[in-house]
Amino acid sequence: MTEIDVCIGSACHIRGAYNVVQTFQQMIEEKSLHGEIELKTTFCMRECHNPGVAVTVGEMKYNIPADGARDFFNSIFQVKIHRL
Ligand code: FES
(Lines give C-alpha, C1' and ligand atoms only; values in the text may rest on other atoms or scores of the structure.)
Protein backbone atom coordinates (compact mmCIF):
# COMPACT_ATOMS: atom_id res chain seq x y z
CA MET A 1 0.00 0.00 0.00
CA THR A 2 1.40 3.37 -1.01
CA GLU A 3 0.22 6.42 0.90
CA ILE A 4 -0.27 9.77 -0.84
CA ASP A 5 -0.68 12.85 1.32
CA VAL A 6 -1.85 16.09 -0.24
CA CYS A 7 -1.41 19.27 1.75
CA ILE A 8 -4.62 21.25 2.15
CA GLY A 9 -3.08 24.02 4.25
CA SER A 10 -3.81 27.64 3.34
CA ALA A 11 -1.01 28.16 0.81
CA CYS A 12 -1.60 24.85 -0.93
CA HIS A 13 -5.35 25.40 -0.90
CA ILE A 14 -4.84 28.65 -2.79
CA ARG A 15 -2.53 26.86 -5.24
CA GLY A 16 -5.18 24.28 -6.11
CA ALA A 17 -4.90 21.47 -3.57
CA TYR A 18 -8.58 20.66 -4.02
CA ASN A 19 -8.03 20.03 -7.73
CA VAL A 20 -5.05 17.81 -6.97
CA VAL A 21 -7.10 15.70 -4.55
CA GLN A 22 -9.97 15.45 -7.04
CA THR A 23 -7.61 14.44 -9.84
CA PHE A 24 -5.88 11.80 -7.71
CA GLN A 25 -9.27 10.38 -6.67
CA GLN A 26 -10.31 10.16 -10.32
CA MET A 27 -7.05 8.48 -11.28
CA ILE A 28 -7.40 5.90 -8.50
CA GLU A 29 -10.94 5.18 -9.71
CA GLU A 30 -9.93 4.96 -13.37
CA LYS A 31 -7.04 2.62 -12.66
CA SER A 32 -8.83 0.61 -9.94
CA LEU A 33 -6.04 1.24 -7.46
CA HIS A 34 -8.10 1.34 -4.27
CA GLY A 35 -6.22 -1.56 -2.77
CA GLU A 36 -2.81 -0.17 -3.68
CA ILE A 37 -3.00 3.55 -2.94
CA GLU A 38 -4.30 5.30 0.14
CA LEU A 39 -5.09 8.98 -0.48
CA LYS A 40 -5.06 11.31 2.50
CA THR A 41 -5.02 15.02 3.13
CA THR A 42 -2.96 16.85 5.68
CA PHE A 43 -2.32 20.35 6.90
CA CYS A 44 0.79 22.41 6.28
CA MET A 45 3.85 20.29 5.50
CA ARG A 46 6.15 23.29 5.91
CA GLU A 47 6.89 23.31 2.20
CA CYS A 48 5.09 26.60 1.51
CA HIS A 49 8.33 28.23 0.38
CA ASN A 50 8.26 25.98 -2.69
CA PRO A 51 5.86 26.63 -5.58
CA GLY A 52 2.91 24.34 -6.15
CA VAL A 53 0.95 21.99 -3.92
CA ALA A 54 2.94 19.92 -1.43
CA VAL A 55 2.48 16.18 -1.88
CA THR A 56 4.20 13.18 -0.36
CA VAL A 57 4.23 9.75 -1.92
CA GLY A 58 5.55 7.35 0.67
CA GLU A 59 8.70 9.03 1.97
CA MET A 60 9.23 11.27 -1.07
CA LYS A 61 8.21 14.94 -1.07
CA TYR A 62 7.06 16.84 -4.15
CA ASN A 63 5.60 20.22 -5.01
CA ILE A 64 3.35 20.00 -8.04
CA PRO A 65 1.27 22.46 -10.06
CA ALA A 66 -2.46 21.82 -9.69
CA ASP A 67 -2.88 21.49 -13.45
CA GLY A 68 -0.08 18.94 -13.55
CA ALA A 69 -1.64 16.47 -11.12
CA ARG A 70 -2.65 13.95 -13.79
CA ASP A 71 0.81 13.88 -15.39
CA PHE A 72 2.42 13.67 -11.97
CA PHE A 73 0.27 10.71 -10.97
CA ASN A 74 1.02 8.90 -14.19
CA SER A 75 4.75 9.49 -13.95
CA ILE A 76 4.95 8.35 -10.32
CA PHE A 77 2.70 5.34 -10.58
CA GLN A 78 3.52 4.12 -14.05
CA VAL A 79 6.41 2.07 -12.69
CA LYS A 80 4.55 0.98 -9.57
CA ILE A 81 1.47 -0.12 -11.53
CA HIS A 82 3.60 -2.33 -13.74
CA ARG A 83 5.05 -3.95 -10.62
CA LEU A 84 1.62 -4.82 -9.14
S1 FES B 1 0.27 25.01 3.30
FE2 FES B 1 0.98 23.32 2.13
S3 FES B 1 3.06 23.18 2.68
FE4 FES B 1 2.34 24.80 3.89
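Values in this document were obtained by computation on a predicted structure and should not be read as measured data.

Turning our attention to the pairing of strand β4 (residues 60–64). Here strand β3 (residues 53–57) runs beside β4; their pairing, made up of five bridges, is antiparallel. Considered in β4, the bridge of Thr-56 is made with Lys-61. Hairpin remark: β3 followed by β4, antiparallel, with two residues in the connecting loop; positive phi at Gly-58, about 60°.

Within the element layout of this structure, Ala-17 appears in helix α2 (residues 17–30). For Ala-17, a relative accessible area of 0% gives the class buried. The sequence separation of Ala-17 and Val-53 amounts to 36 residues, and the corresponding C-alpha distance is 5.9 Å. Ignoring anything within four residues of it in the chain, the contact list for Ala-17 reads Val-6, Cys-7, Ile-8, Cys-12 and Val-53.

Spatially, the four strands line up as an open sheet ordered β2-β1-β3-β4, and their pairing is mixed. Strands with a single pairing partner mark the edges of an open sheet, and in this sheet they are β2 (37–42) and β4. The sheet shows a mean angle of 20° between the axes of neighbouring strands, direction not considered. Pairing analysis gives six bridges linking strand β1 (residues 2–7) to β2, with the strands arranged parallel. Bridge pairing in β2 places Asp-5 opposite Lys-40.

This part is about the environment of Met-60. Tracing the backbone through its elements, the reader meets Met-60 in strand β4. For Met-60, a relative accessible area of 48% puts it in the partly exposed group. For the pair Met-60 and Glu-30, spaced 30 residues apart in sequence, the C-alpha to C-alpha distance is 24 Å.

Scanning the entire structure with this criterion turns up four aromatic pairs. Between the aromatic rings of Phe-24 and Phe-73, the centroid separation amounts to 5.6 Å while the plane-to-plane angle is 50°, which identifies the pairing as tilted. A residue pair is termed long-range when its members are at least 10 positions apart, and Phe-24 in helix α2 and Phe-73 in helix α3 (residues 69–83) qualify at 49 residues. Exposure remark for Phe-24: the relative accessible area of 0% places this residue in the buried category. A centroid spacing of 4.7 Å and a plane angle of 40° characterise the contact between Phe-73 and Phe-77, whose relative ring orientation is tilted.

Across the protein chain, the average pLDDT comes to 92, with 93% of residues at 70 or higher. Of all the helices and strands in the protein chain, α3 carries the lowest mean pLDDT, 78, while helix α1 (residues 10–14) carries the highest, 98.

Reading the values: rules and limits
- Residues numbered from 1 in each chain as written.
- Predicted model: local features only at pLDDT ≥ 70, side-chain atom pairs only at ≥ 80, totals over all residues.
- Heavy atoms only, no water.
- Pairing = 2+ DSSP bridges.
- Helix = DSSP H or I, 4+ residues; strand = E, 2+ residues; numbered from the N terminus.
- Buried < 20%, exposed > 50% of the residue type's maximum accessible area, 1.4 Å probe, protein only.
- Contact = heavy atoms within 4.5 Å.
- Axes fitted to C-alpha atoms, helices over the stretch in contact; angles between N-to-C directions.
- Phe/Tyr/Trp six-rings, centres within 6.5 Å; stacked < 30°, edge-to-face > 60°.
- pLDDT = per-residue confidence, 0-100.

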